[in-house]
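# Coordinate analysis (summary)
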Amino acid sequence: MATVRYIVDDVDAAIAFYCGQLGFREVMHPAPAFAMIVRDDLRLALSSPGGGPGGGQAMPDGTLPRPGGWNRISLQVADLDADVRRLQQAGVPFRNEPITGVGGRQVIVDDPSGNPVELFEPILPGARE
């Protein structure tokens with residue numbers, strides 16, 4: 001299982017988004033500033049900036065982690081067009097329109113804190129593994 005940490009502005013909003021829209025399930029939420037959710041073999045640690053000890057705490061120079069950027073998790077989906085329609089109806093923000101690349105089709109959505117999530121529908125057999 002791989003674990004990725006995302007810095008989020010609101011852990012509860014992130015849980016609602018990932019579990020309600022992208023098929024994750026909550027594993028633990030022991031403090032307001034931290035939660036762990038899973039989907040298949042991906043464990044996503046959600047931390048709020050400055051949320052105490054752990055992944056959201058300030059660096060030694062005082063710099064706080066913040067959400068956003070372009071590094072992202074990529075979630076394999078079976079029907080990209082259906083997911084795009086469902087997420088648009090839910091008001092989820094998109095960074096782009098679906099595009100076709102070498103191994104499949106993809107689109108990037110933002111979670112409630114602006115972290116990118118790629119939805120990827122493979123078109124080549126090797127891209128499914």
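A brief look at the structure comes next. Each chain carries its own residue numbering, running from 1 in the direction its sequence is written. In keeping with the model being predicted, local features are shown solely for residues with a pLDDT of at least 70 and side-chain atom pairs are shown and tallied solely at 80 or more, while totals for entire chains, interfaces and linings include all residues. Neither water nor hydrogens contribute to the side-chain values; these are computed over all heavy atoms in the structure.

## Focus: the packing of aromatic side chains
- Classification of ring pairs uses Phe, Tyr and Trp, with its six-membered ring standing for Trp, and accepts pairs whose centres are within 6.5 Å; under 30 degrees between planes counts as stacked, over 60 as edge-to-face, and the remaining range as tilted. In this structure the tally under the stated criterion is two aromatic pairs.
- Centroid distance Phe 17 to Tyr 18: 5.0 Å. Interplanar angle 80°. Geometry classified as edge-to-face. Of the two residues, Phe 17 and Tyr 18, both sit in the buried class.
- For the ring pair Tyr 18 and Phe 24, a centre distance of 5.4 Å and an interplane angle of 80° mean the geometry is edge-to-face. Burial classification: accessible surface area is computed with a 1.4 Å probe over protein chains only, and a residue below 20% of its type maximum counts as buried, one above 50% as exposed, and the rest as partly exposed.

## Things to note about the pairing of strand 4 (residues 42-47)
- For helices the rule is a DSSP run of H or I covering at least 4 residues; for strands it is a run of E covering at least 2, with both sets numbered from the N terminus onward. Buried residues dominate strand 4, accounting for five of its six residues.
- Sheet topology note: the strand 1 (residues 2-7)/strand 4 ladder contains six bridges and is parallel. Directly across from Ile 7, in strand 4, lies its bridge partner Ser 47.
- DSSP calls a pair of strands paired once it identifies at least 2 bridges connecting them. Across six bridges, strand 3 (residues 34-39) lies against strand 4 in antiparallel orientation. Bridge pairing in strand 4 places Val 38 opposite Arg 43.
- Taken together, strand 3 and the strand that follows it, strand 4, pair antiparallel across an intervening segment of two residues, in which Asp 40 is found at a positive phi of about 50°.

## Thoughts on the side chain of Asp 110
- Along the chain, Asp 110 turns up in strand 7 (residues 104-110).
- Since its relative accessible area comes to 16%, Asp 110 is described here as buried.
- Within 3.5 Å is the distance limit for a polar contact, defined as a pair of N or O atoms, with the added protein rule that one can donate a hydrogen and the other accept it, and that residues adjacent in sequence qualify only through two side-chain atoms. At 2.7 Å, the side chain of Asp 110 forms a polar contact with the side chain of Arg 95.
- We call two residues in contact whenever any of their non-hydrogen atoms come within 4.5 Å of each other. Here Asp 110 is in contact with Phe 17, Val 92, Pro 93, Arg 95, Asn 115 and Pro 116, once residues within four sequence places are set aside.

## Observations regarding the sheet that holds strand 6 (residues 99-100)
- Strand order in the open sheet formed by four strands is 5-8-7-6, with mixed pairing between adjacent strands. Taken across any chain shown, the strands that pair with only one partner, and hence form the sheet edges, are strand 5 (73-76) and strand 6.
- In this sheet, strand 8 (residues 116-122) lies alongside strand 5 in parallel orientation, the contact comprising four bridges. The residue of strand 8 that forms the bridge with Ser 74 is Glu 118.
- The sheet contacts of helix 2 (residues 80-89) involve strand 7 and strand 8, and relative to strand 7 the element is tilted by about 15°. Interaxial angle, 0 to 180 degrees, is taken between N-to-C directions of lines fitted to C-alpha atoms, where a helix line uses only the stretch in contact.

## Looking at the nonpolar core
- Tyr 18, Leu 22, Phe 24, Leu 46, Ile 73, Val 117 and Leu 119 are the most contacted members of the largest nonpolar core, which totals 25 residues.
- With five residues, the top contributor of residues to this core is helix 1 (residues 11-21).
- Apart from the residues lying within four places of it in its own chain, the contact partners of Ile 73 are Val 4, Tyr 6, Tyr 18, Phe 24, Leu 42, Leu 44, Pro 116, Val 117 and Glu 118. To form a nonpolar core, buried Ala, Val, Leu, Ile, Met, Phe, Trp, Tyr and Cys residues must be joined to one another through side-chain atoms within 4.5 Å.

## With respect to the sheet that holds strand 3
- Read across the sheet, four strands follow the order 1-4-3-2 without closing on themselves; strand pairing throughout is mixed. Among the strands making up the open sheet, the edge pair consists of strand 1 and strand 2 (25-31). Here the average twist between neighbouring strands, direction ignored, is 20°.

## Describing a nonpolar patch on the surface
- In this analysis, a patch consists of residues with relative accessible area above 30% that form no salt bridge, clustered at 9 Å for like charges and at 5 Å for the nonpolar side chains Val, Leu, Ile, Met, Phe, Trp and Tyr. Residue exposure ignores everything except the shown protein chains as possible cover, and the areas themselves are Shrake-Rupley values with a 1.4 Å probe. The term salt bridge refers to a side-chain nitrogen of Lys or Arg lying within 4 Å of a carboxyl oxygen of Asp or Glu. A contiguous nonpolar patch, built from Val 102, Ile 123 and Leu 124 and spanning about 300 Å² of accessible area, is present on the exposed surface.
- Topologically, Val 102 is positioned in the loop between strand 6 and strand 7.

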